[in-house]
Amino acid sequence: MYTQNTPVHVKLWHHDFWRLALANLLITMSVYMFIPVLPAWMSAYVGADVSRYAMGVYAIGLFVLGGFCSYLVQRYRRNHVCVISILTMVASSVCLYYLPGLLGNNQSLLPALFITVRFVLGAAFGLAQMVLMSTLVIDTSESFQRTEANHSAAWFGRFSLSLGPLASLLIHHYLGFQEVIWASCACGLVAIVLIQLVDFPFKAPEDGIRVFSTDRFFLVHGSPLFLNLMLCTMVVGIIMTIENEVIFYGMMMAGFLLALLSQRFVFANAELKSEIVSGLVLLCASVLMLMTDNQTAINYIIPVFVGLAIGVIGARFLLFFIKLSKHCQRGTSQSSYFLAWELGLTAGIFIGLGYGDGQKTALLHIALIITVLALLMYQVFTHSWYLKNKNR
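Summarised in this report is the structure supplied together with it. Remember, it's a predicted structure, so these values are computed and weren't measured experimentally. (Residues numbered from 1 in each chain as written. Predicted model: local features only at pLDDT ≥ 70, side-chain atom pairs only at ≥ 80, totals over all residues. Heavy atoms only, no water.)

### A short note on the layout of surface pockets
Here is step 1: Estimated volume of the largest pocket: approximately 780 Å³.
Here is step 2: What lines the largest pocket is a set of 30 residues, and nearest its centre among them are Lys 203, Glu 206, Asp 215, Arg 216 and Cys 328.
Here is step 3: Among the elements of the structure, helix 4 (69-75), helix 6 (110-139) and helix 13 (330-353) are those that each provide at least two residues to the lining of the largest pocket.
Here is step 4: Looking at the lining of the largest pocket residue by residue, the classes come out as seven nonpolar, 12 polar and 11 charged. (1 Å grid on protein atoms, 1.4 Å probe; cavity = no way out; pocket = protein on both sides within 12 Å on 5 of 7 lines; lining within 4 Å. Points joined across faces, edges and corners; volume = space filled by probe spheres on them. Helix = DSSP H or I, 4+ residues; strand = E, 2+ residues; numbered from the N terminus. Nonpolar A, V, L, I, M, F, W, Y, C, P; charged D, E, K, R; others polar.)

### So, empty space enclosed by the protein
Here is step 1: With the rule as written, the count across this model stands at three cavities of 30 Å³ or more.
Here is step 2: For the largest cavity, the lining is made up of 14 residues, of which Gln 129, Ala 154, Gly 157, Tyr 337 and Phe 338 are closest to its centre.
Here is step 3: Within the residue set of the lining of the largest cavity, elements represented by two or more residues are helix 1 (15-32), helix 6, helix 7 (146-174) and helix 13.
Here is step 4: With five residues, helix 13 is the single largest residue contributor to the lining of the largest cavity.
Here is step 5: Of the residues assigned to the lining of the largest cavity, the class counts are seven nonpolar, five polar and two charged.

### A few points about the packing of aromatic side chains
Here is step 1: As enumerated under the stated definition, the model contains 27 aromatic pairs in all.
Here is step 2: A centroid spacing of 6.3 Å and a plane angle of 80° characterise the contact between Phe 317 and Phe 320, whose relative ring orientation is edge-to-face. You can see Phe 317 and its partner Phe 320 sitting in helix 12 (residues 295-324), three residues apart, about one turn around the helix. Exposure class is identical for Phe 317 and Phe 320. Each is buried.
Here is step 3: The interplanar angle of 40° and the centroid separation of 6.1 Å between the aromatic rings of Tyr 337 and Trp 341 together place this pair among those described as tilted. With a gap of four residues between them, Tyr 337 and Trp 341 both fall in helix 13, about one helical turn apart. (Phe/Tyr/Trp six-rings, centres within 6.5 Å; stacked < 30°, edge-to-face > 60°. Buried < 20%, exposed > 50% of the residue type's maximum accessible area, 1.4 Å probe, protein only.)

### Description of the pattern of salt bridges
Here is step 1: In total, this model carries five salt bridges according to the counting rule given.
Here is step 2: Arg 216 is the partner of Asp 215 in a salt bridge, and the nearest nitrogen-oxygen pair spans 3.6 Å.
Here is step 3: Looking at Asp 215, the relative accessible area reads 28%, which means it is partly exposed.
Here is step 4: The residue Glu 275 makes a salt bridge to Arg 316 at a minimum N-O spacing of 2.7 Å. Placement of Glu 275 in helix 11 (residues 274-292) and of Arg 316 in helix 12 is noted, with a sequence separation of 41 residues between them.
Here is step 5: Residue classification places Glu 275 among the buried positions, given a relative accessible area of 3%.
Here is step 6: For Arg 316, a relative accessible area of 15% corresponds to the buried category. (Salt bridge = Lys/Arg side-chain N within 4 Å of Asp/Glu carboxyl O.)

In short, geometric facts, not functional conclusions.
In structure tokens form, the structure reads like this:
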């Protein structure tokens, strides 16, 4: 049945939703593939400090175009905005690899160019994700299915946190860094094909739309949730700079699967705060076990705990953001959640890259302090604040 050229889907898991969910997985994978291999590659050209700042500036780029997101998706076709953003991501990845060769003897420009390219990548990825998750996924779902659609599509992005590094480490080991670049680009291009296969009916823009606004960008009154989630993902970012093995990310994926099952069978009727508290306790246990240098625990137990912890924490915080938002702010809540997740993750990576191998213990102490702060903040303030301010 069609009403005003808009397809009506009785079930959520229709072809268009699958395509957009897989597109989310692929574009997120294309970015996360750089986490374990790019810092060392850049360091060989510009040194560890510049490499660290290039990884960190990506997070600043995420925020640059967010304020224009609402204007762009109303002024232009929303799927075209997403596709152009992904194409910019692909072009940035290619430029990153070819810059050293193109500059020849003039390598003094390389640090600034590496930082600029990473900034552009962050800006393009930020806009692509905001349009995809806050507009395209919502537009292909019926109103009564949208919370489930947001929850389900976000899980595809979460799985890419293990799949992206896992794929890049395997490709880098057997083929080399250049092939990691091409694999990242291939993920972006396949995501474009999937988005182009979805039919998005034309929508007339609203009257008096502003060029810059917080709509579809940032949920200002959700700042406590933003800060608390950012602290949680910061710990994961720090751990990812310490562990760089294929087995680690493979077992992290197993942790994500356990998180999915636990939401269905363990936390279905549990107290509301139990998921985040349990997740933070597991994160704390992971950091403490890392301090023991027990290789069996590091290879098998810790990554499962990390995946399980951040899986249940991320899923619950996303629902909190959605329920905190007012009517017509669902897209804004999605973008705020995404920015908190990415900012925390990148901040953790930035902190982790600032410590050498001999300073692992000091880095783990920082991770432990951040985990305890996140737990205290949630227990003492965030949970009760959310209950008083939620709108749904």
